[in-house]
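Observations on chain architecture
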Amino acid sequence: MLTTLKGFVRPAAIAAVMLLAGCGSTFRISYDTPIEPAVSRGWTVTEVRVTVPDELEVSEQKSIFPQADIVWREDPEGDRKAQVAAIIRDAASEAAAPLNGPRAVAIDITLQRFHALTFEAERRLEDAGVHNTIFTASVVDAASGAILVGPTEIHADAAAFSGPKAVEYRRQGATQKDVITTAIRRTIAGWLGVGPDPRGEFNRIGG
């Protein structure tokens, strides 16, 4: 609905929002059956390895909804693939921190999509926008490399702040990285069986 836009927008912006809405309005936190706590309590995660495939497309386009696999703007211009890999690695490491069992394991993550809001979308939308993160994850024995769980496709989507809410959120010192990291951490913790199960769906204009 265009009522989510504040004030006058140009036809190009309207078309972009309609395209964005047409990309699907149902988002989710999802994964297969959580790992049994009785199993994961026997692990200590010694490493989180994040792979960002070469074929994933990165966009620096200043628009409401760039058509790309990776859209990330809060870090300084640079290697966006390395930047988003670091966000995912840090969030997964935090999620796995409670595990202190006798078996050393690693988590292997392969990114499929990391699509945060552009600054243009953050300014021009109101109560709309989604941080869309999709990846596969496996738990492997750290010594042998044997796969213990997975690969499992995981969606860790989060509603983004935009318009006046984004202005207030940033005034408080919060960032998109905070929102995304929290969503990934909660999702992986639920999958590992060390936190509440956050799985569910929500509807929102996003992409």
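So, a few notes on the structure that sits alongside this text.

Reading guide: rules and limits
- Residue positions are given per chain, counted from 1 along the sequence in the order it is written.
- Totals for whole chains, interfaces and linings use all residues, but because this is a predicted model, local features are given only for residues with pLDDT of at least 70 and pairs of side-chain atoms are given and counted only at 80 or more.
- Only heavy atoms go into the side-chain values, all of them from the structure, while hydrogens and water stay out.
- Every helix listed is a DSSP run of H or I at least four residues long, and every strand listed is a run of E at least two residues long, numbered separately from the N terminus.
- Working definition: with a 1.4 Å probe on protein chains only, accessible area under 20% of the residue-type maximum means buried, over 50% means exposed, and in between means partly exposed.
- In what follows, residue pairs with any heavy atoms lying within 4.5 Å of each other are defined as contacts.
- Given the number of residues in a helix, its expected span is that number minus one, multiplied by 1.5 Å.
- For this analysis, a polar contact is any N or O atom pair within 3.5 Å, provided that within protein one partner can donate a hydrogen and the other can accept it, and provided that sequence-adjacent residues contribute only side-chain to side-chain pairs.
- For this analysis, a ring pair means two rings from Phe, Tyr or Trp (six-membered ring only for Trp) whose centres lie within 6.5 Å, classed as stacked if their planes differ by under 30 degrees, edge-to-face if by over 60, and tilted for the remaining angles.

1. Details of the overall build of the protein
Regarding its fold elements, the protein presents six helices and eight strands. Along the protein, helices (α) and strands (β) appear in the sequence α-β-α-β-β-α-β-α-β-β-β-α-α-β when read from the amino end. Out of the 207 residues in the protein, the part that is buried amounts to 48%. Considering only intrachain contacts with a sequence separation of at least 6, the fraction spanning at least 24 residues in the protein is 76%.

2. So, helix α6 (residues 176–192)
Think of an α-helix as 3.6 residues a turn; residues three or four steps apart then line up on the same face. Counted at 1.5 Å a residue, the expected span for α6 with its 17 residues is 24 Å, and the 24 Å between its end C-alpha atoms agrees. For α6, the tally of buried residues reaches 12 of 17 residues, placing the bulk of the element in the interior. Of all the positions in α6, only Gln176, Val179, Ile180, Thr181, Ala183, Ile184, Thr187, Ile188, Ala189, Gly190, Trp191 and Leu192 are classed as buried. If you check the start of α6, you find a side-chain oxygen 3.3 Å away from the backbone N of lysine 177, and it comes from threonine 175. Positive backbone phi, at 80°, marks glycine 193, one or two positions downstream of α6.

3. Notes on the packing of aromatic side chains
Tallying each qualifying case throughout the model produces three aromatic pairs. Ring plane angle 90° and centroid distance 5.8 Å describe the contact between tryptophan 72 and phenylalanine 114, whose orientation is recorded as edge-to-face. Taken together, the residues span a long stretch of sequence, with tryptophan 72 in the loop between β3 (70–71) and α3 (80–96) and phenylalanine 114 in strand β4 (residues 103–115) at a distance of 42 residues. Judged by its relative accessible area of 0%, phenylalanine 114 is buried. Considering the side-chain rings of phenylalanine 161 and tyrosine 169, the 4.1 Å spacing of their centres and the 20° angle between planes classify their relative orientation as stacked. Classification of phenylalanine 161 as partly exposed rests on a relative accessible area of 33%. Residue classification places tyrosine 169 among the partly exposed positions, given a relative accessible area of 22%.

4. Some details on the side chain of serine 30
With respect to the helices and strands, the residue serine 30 is situated in strand β1 (residues 26–30). Engagement of the side chain of serine 30 in a polar contact is seen with the side chain of arginine 28, the distance being 3.4 Å. Apart from the residues within four sequence positions on either side, serine 30 is in contact with Glu153, Ile154, His155 and Arg199.

5. What about unusual backbone geometry?
Between glycine 150 and proline 151 the backbone carries a cis peptide bond, its omega angle lying at 5°. Inspection of the secondary structure assignment puts proline 151 in strand β6 (residues 147–156).

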